[in-house]
Amino acid sequence: PVHVIYAWDEAMGVGVSHIENIYKTQYAGLGNVDLVRIEDSFHFIMKDQPQAFLKAVQTALASN
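Procedures and definitions
Residues numbered from 1 in each chain as written. Predicted model: local features only at pLDDT ≥ 70, side-chain atom pairs only at ≥ 80, totals over all residues. Heavy atoms only, no water. Helix = DSSP H or I, 4+ residues; strand = E, 2+ residues; numbered from the N terminus. Polar contact = N/O pair within 3.5 Å; in protein donor to acceptor, adjacent residues only side chain to side chain. Contact = heavy atoms within 4.5 Å. Salt bridge = Lys/Arg side-chain N within 4 Å of Asp/Glu carboxyl O. Buried < 20%, exposed > 50% of the residue type's maximum accessible area, 1.4 Å probe, protein only. Pairing = 2+ DSSP bridges.

Would you mind going over the side chain of Asp9 with me for this structure?
When you line up the elements, Asp9 lands in the loop between β1 (2–8) and α1 (16–26). One polar contact links the side chain of Asp9 to the main-chain amide nitrogen of Ala11, over a distance of 2.7 Å. Contact partners of Asp9, with chain neighbours within four places excluded, come to Asp40, Ser41 and Phe42.

What am I meant to see in the pattern of salt bridges here?
Side chains that carry opposite charge are capable of pairing whenever their charged atoms lie near each other. This model, assessed by the stated rule, comprises 2 salt bridges. In this structure, Arg37 engages Glu39 in a salt bridge whose closest nitrogen and oxygen atoms are separated by 3.1 Å. Through salt bridges with shared partners, one network takes in Glu20, Arg37 and Glu39.

Help me understand the environment of Val57 in this model?
Take Val57: it is sitting in helix α3 (residues 50–62). Overall, Val57 belongs to the partly exposed group, its relative accessible area being 28%. Sequence separation of Val57 and Ile5 is 52 residues, and the distance between their C-alpha atoms is 8.2 Å.

Is there a simple way to think about unusual backbone geometry in this case?
For residues besides glycine, phi is generally negative; the peptide bonds are generally trans as well. Located in the positive-phi region is Asp40, a residue other than glycine, with phi close to 60°. You can see Asp40 is positioned in the loop between β2 (33–39) and α2 (45–48). Asp40 gets classed as exposed once you look at its relative accessible area, which sits at 51%.

Would you take a moment to explain the side chain of Ser41 for this structure?
Mapped onto the fold, Ser41 is located in the loop between β2 and α2. Setting aside residues no more than four positions away along its own chain, Ser41 makes contact with Ala7, Trp8, Asp9, Met12, Asp48 and Gln49.

When you look at the pairing of β2 in this model, what are you seeing that I'm missing?
A regular strand places its side chains on the two faces of the sheet in alternate fashion. Of the strand pairs in this sheet, β1 and β2 are connected by 7 bridges, and their pairing is parallel. What sits directly across from Val4, in β2, is Leu35.

Shown next as structure tokens:
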């Protein structure tokens, strides 16, 4: 399994569906991908949204 945690914020100026499609397209060739969006975050998710990041990592680890 592949777990991808990615950032999105309205201030990026790009709609959330556009960002989702980018990640879905990039990882489309893999069979078992879990894409997790962390909102109100930019490049450094662990700094911008530390609790949400920690939860996403813990969830990914628990699912394996």
